[in-house]
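Spelled out, the chains give:
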Amino acid sequence: MLALFRLSSAERRFALTSFAVKLTIFGMAQLVVCVLDPRRLVCGFVEKGFLPCLISFAVMDFLVIPQLRRRWDR
């Protein structure tokens, strides 16, 4: 069962790159929206949403997407 979640080097590289890009986009959006204009109402939601987004990005990039790509290749 653990072999199912083990990533090859190409899958790991893809997952890390995708995860880093998503975190960068989220950070830039937070910077643009909240740091430059903190009066916006959405800033409270963006700050509260960081940890759930981080967790969902990690699950998708390291668990779900590699499984889908493996099944697609079959």
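Because the structure is a prediction, the values reported are computed rather than measured. In every chain, residue numbers begin from 1 and rise along the written sequence. With pLDDT at 70 or above as the cut-off, local features in this predicted model cover only qualifying residues; side-chain atom pairs require 80 or more to be listed or tallied, and sums for whole chains, interfaces and linings still use all residues. Only hydrogens and water are set aside; all other atoms, that is, all heavy atoms of the structure, feed into the side-chain values.

Let us now look at the overall build of the protein chain. Counting secondary structure elements, the protein chain contains four helices and zero strands. Per the convention used, a helix needs a DSSP run of H or I reaching at least four residues, while a strand needs a run of E reaching at least two, with both numbered from the N terminus. Going from the N terminus to the C terminus, the protein chain shows its helices and strands as α-α-α-α. Restricting the calculation to C-alpha atoms gives the radius of gyration, and the globule rule supplies 2.2 Å times the number of residues raised to the power 0.38. Its C-alpha radius of gyration of 16 Å places the protein chain more than 25% over the 11 Å reference for a compact globule of 74 residues. C-alpha atoms of the protein chain, sized along the principal axes, occupy 50 × 20 × 20 Å. In the protein chain, which comprises 74 residues, the proportion classed as buried is 20%. We call two residues contacting when some pair of their heavy atoms lies within 4.5 Å. Expressed as a percentage of contacts within the protein chain between residues at least 6 apart in sequence, the contacts between residues at least 24 apart total 72%. His is not counted, nor are the chain ends; Lys and Arg add positive charge and Asp and Glu add negative charge. Charged groups are reduced to one reference atom each: NZ for lysine, CZ for arginine, CG for aspartic acid, CD for glutamic acid. With 11 positive and 5 negative side-chain charges, the protein chain shows a spacing of 6 Å between the two charge centroids. Here's how the labels work: a residue is buried when its accessible area is under 20% of the maximum for its type, exposed when over 50%, partly exposed in between, all with a 1.4 Å probe on protein chains only.

Right, let's get into the packing of helix α2 (residues 9-35) against helix α4 (residues 50-73). When two helices pack together, you describe them by how their axes are tilted relative to each other and by the distance separating the axes. Taken N-terminus to C-terminus, the directions of α2 and α4 make an angle of 150 degrees; their axes are 10 Å apart at the nearest point. If you check the angle between α2 and α4, you find them roughly antiparallel. Seen from above, α2 lies across α4 with right-handed handedness. The segment α2 lies against α4, with Glu 11, Phe 14, Ala 15, Leu 16, Ser 18, Phe 19, Lys 22, Leu 23 and Phe 26 engaging Phe 50, Cys 53, Leu 54, Phe 57, Ala 58, Asp 61, Phe 62, Ile 65, Pro 66, Arg 69 and Arg 70. Charged means Asp, Glu, Lys or Arg here, nonpolar means Ala, Val, Leu, Ile, Met, Phe, Trp, Tyr, Cys or Pro, and polar covers whatever is left, Gly included. When its residues are assigned to classes, the contact of α2 with α4 shows 14 nonpolar, one polar and five charged. To obtain an axis, a line is fitted to C-alpha atoms, over the contacting stretch when the element is a helix, and the angle between two such axes runs from 0 to 180 degrees between their N-to-C directions. Here the angle decides the label: under 35 degrees means roughly parallel, over 145 means roughly antiparallel, 65 to 115 means roughly perpendicular, and every other value means oblique. The hand of a helix crossing depends on one turn: near helix anticlockwise from the far one by less than a right angle means left-handed, and clockwise means right-handed.

What follows is about the confidence of the model for the protein chain. Think of pLDDT as the predictor's per-residue confidence, scored from 0 to 100. Averaged over all residues, the pLDDT of the protein chain equals 79, while 91% of them reach at least 70. Within the protein chain, no element has a lower average pLDDT than helix α1 (residues 2-5), which sits at 51, and none a higher one than α2, at 85.

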